Amino acid sequence: MKVHEYQAKEILARYGVAIPRGKVTTKPEQARAIAAELGGRVVIKAQVHAGGRGKAGGVKLAANPDDAFTVAGQILGMKLVSKQTGPEGKIVHKVLVEEALGIARELYLGVVLDRAVGLPVLMASKFGGMEIEEVAAEHPDAILKEHFDPCQGLQLFQARTLGFGLGLSGDTFKKFLKFVTALARAYNETDATLAEINPLLVTADGDVLALDAKMNFDDNALGRHADIAAMRDLDEEEPLEVEASKYDLNYIKLDGDIGCMVNGAGLAMGTMDIIKHYGGAPANFLDVGGGASQERVENAFRILLSDPGVKAVLINIFGGIVRCDMIAAGVVAAAKKLKVQVPIVVRLEGTNVDAGRRILAESGLKLQPADTMADAAAKVVAAAKAVAAP
Amino acid sequence: MAIWLDQNTRVVVQGLTGKEGQFHAAKCREYGTKIVAGMTPGKGGSSVDGVPVFDTVAQARAKTGCTASLIFVPPLGAADAILEAAAAGIALIVCITEGIPARDEVLVRRALQESGARLIGPNCPGIISPGKAKLGIMPAQIHKQGSVGVVSRSGTLTYEAVDQLTKLGLGQSTCIGIGGDPVPGTNFVDVLEAFNLDRDTDAIVLIGEIGGTAEEEAAAYVKANVKKPVVAFIAGQTAPPGRRMGHAGAIISGGKGTAKEKIEALKAAGIHVAATPADIGVTMARALGKA
């Protein structure tokens, strides 16, 4: 789960990570009041779940409270289009108003799980403001890494190693030790999957602060972090994905025109791949799960057909423990109830497959049966093309 | 011979009294697996389908001599169940549970490094040695005893591959789902090592997917050590970056973990990569000179 910058900073501050003074608001008048409270000169930052906000005009300096009112008015409600939002952009509903700070140095700090090692890793670099992937490509030696055991946390010597590696000294060095230790603890204790400070600001006075902050959290752990789960912002998510999540369906919207309904994540990805191989484009990823009961199939149908781009549907189910005849009955009932109009290709395999195919054939619905995944992909691609160019 | 599991393995099912545990334990028994004990805290002294239930794994082990465990417990209790099995001296732990927090998996992995127990999963279909025993939720009837070893990060996609192999007359020695999570207990290389040493495994199917670098590590291992033919498929060639494709581990992050990189690494290691999931069986048949 993603959260906004202001929420990430709020969480980090609880663990002692130093952040600039600031407040979030949805109204320009409040932006003026917050700026006055902070001493006048502020930065107004659009709060959306996407990077590249600065270049997209979503982060601006305001010289005084009146200016803050004007700038906040411009940013609130704007459609922010960056490399990460895609061409459709995102509407800005909230801005963070923060004190403007003098910048001496900009550094990078990030914590992620290093899957190859099986431990979290703290990464630091002198190239603050640059994306870490770019740094990795251009200056791979400039990334300092310290793995740590979640039971023990990041050790002080590791924090020192990073601080020395970044060329810090004196009071700034001490503040950095506190900062980086707090960051590692915040990552660990909140079940984060990412905690990134980019840039980490060193001020002219030698203070160390999180100028920007990004945190993502493990969906599987939200059950033990009710406070973080409550920070979910549904406005930032694809509406169909929100709807699917209500029924525990794994749905991800894509750009193609062939709707897919598959049981199992690996098979669902494999189905998307084979559609592409046969010259088509999948409209979604959808895993209905191992059970694939009538109710789940019905909800899945409804969701994937709410995408107006869908011209044909491919159902690919490998009935293992679940019998194919039960799945077929579910598909038929759901298709009838929802009066599905688009062509549907169904590929069933596994236990009781003959009975399942008979139910589909006798349903009176225009379902095209397919024998193999290859056969199914070829048929659904042809069907989608026929609908697109009648 | 098969790897890690055969008809003599004695098994305790943690969570046997739950709906899933009871259903799948019965299926495993039908297949010939020796399910000798169940374990559910507070249900000790009862029995399920004639199998005695214990309060702790240690009691189950002392009374029945079980050496393997099959786990069906909810996600937030799963790490505890795995650690209990390891503490009781269980050598092979298969965890089916999906949705375990990644941090718990990191802690479990660290703990198991010390105990020496083998964990398969979590978030996996389990392990089957066709004709001998199964410890998992896979449909038994699609399998056939033979000499192809199968290892995969996916469930139903593995069934798809196994079904193709069986229909082509290519039986399997052992099939293992290592699971779709970011920090699996057993990785590709662990299984490849075992298949490479197993005299009854003549060829290997490896099914990977986007995210992480496990496939690249597998490719390096195969290149350096494996002479048996290896066939691979990587799911997620059309997956968008930054999105979790169902499995917690199936995500392209920071431009890393793409199917393209993995396929290139596998091909460079001399592995036969199937172009589509429908071609896994036939690619193996060709590699074995049987098609």
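This text goes with the structure placed above it.
Overview of the structure. Along each chain, residue indices are assigned from 1 in the same order as the chain's sequence is written. For naming, the first written chain is A and the first written ligand is 1, with later ones following in the order written. pLDDT decides what is reported in this predicted model: residues at 70 or higher carry local features, side-chain atom pairs at 80 or more are listed and counted, and totals for whole chains, interfaces and linings draw on all residues regardless.

**Digging into the sheet that holds strand β6 (residues 95-99) of chain A**
All names here are of chain A. Worth spelling out the cut-off: In this description, strands pair whenever DSSP reports at least two bridges between them. The helix and strand labels rest on DSSP assignments: H or I over at least four residues marks a helix, E over at least two residues marks a strand, and numbering proceeds from the N terminus. Only C-alpha atoms enter the line fits that serve as axes; for helices the fit covers just the stretch in contact. Angles between N-to-C directions range over 0 to 180 degrees. By definition, residues are in contact whenever their C-beta atoms, placed on the basis of the backbone, come within 7 Å of each other.
Taken in spatial order, the 4 strands of this open sheet run β1-β6-β2-β3, and their pairing is antiparallel. Edge positions in the sheet fall to β1 (22-25) and β3 (59-62), since each has one partner strand and no second. Looking at each pair of strands side by side, their axes are set apart by 20 degrees on average, direction ignored. Of the pairings in the sheet, the one linking β1 to β6 comprises 4 bridges and is antiparallel in character. Paired with Thr25 across the bridge in β6 is Val95. Each of β2 (42-46), β3 and β6 touches helix α3 (residues 65-75); the most contacted strand, β2, lies at about 10 degrees to it.

**Things to note about the pairing of strand β13 (residues 250-253) of chain A**
All names here are of chain A. Worth spelling out the cut-off: Buried, partly exposed and exposed are defined by the number of other C-beta atoms within 10 Å of a residue's own C-beta, namely 20 or more, between the two limits, and 12 or fewer respectively, with C-beta atoms placed from the backbone.
Residues Asn250 and Ile252 of β13 are buried on one face, and the alternating residues Tyr251 and Lys253, pointing to the opposite face, are buried as well. Bridge count for β13 against strand β15 (residues 284-287) is 4 bridges, and the pairing is antiparallel. Its bridge partner lying in β15, Asn250 is registered against Asp287.

**Looking at the packing of helix α5 (residues 156-167) of chain B against helix α9 (residues 280-287) of chain B**
Residues and elements named next belong to chain B. Put simply, the rule is: Note that the term roughly parallel is reserved for angles under 35 degrees, roughly antiparallel for angles over 145, roughly perpendicular for angles of 65 to 115, and oblique for everything else. In this scheme the handedness of a crossing depends on how the near helix is turned from the far one: anticlockwise by less than a right angle means left-handed, clockwise means right-handed.
Across the interface, α5 lies against α9 with an axial gap of 7 Å and an inter-helix angle of 45 degrees. By the angle between their directions, the pair α5 and α9 is classed as oblique. As for the relative orientation of α5 and α9, their crossing is right-handed in sense. Residues Ala161, Gln164, Leu165 and Lys167 of α5 form the contact with α9, whose participating residues are Ile280, Gly281 and Met284.

**Topic: the sheet that holds strand β14 (residues 272-273) of chain B**
All names here are of chain B. Taken together, 7 strands build an open sheet; the order of strands is β9-β8-β11-β10-β12-β13-β14 and the sheet is mixed. Two strands close off the open sheet at either side, each with one partner strand: β9 (133-136) and β14. Sheet topology places strand β10 (residues 145-152) next to strand β11 (residues 172-177); 5 bridges connect them, and they run parallel. Note that in β11 the partner of Val151 across the bridge is Ile176. Strands in contact with α9 are β10, β12 (203-209), β13 (230-235) and β14; relative to β13, the strand with the most contacts, it is inclined by about 160 degrees.

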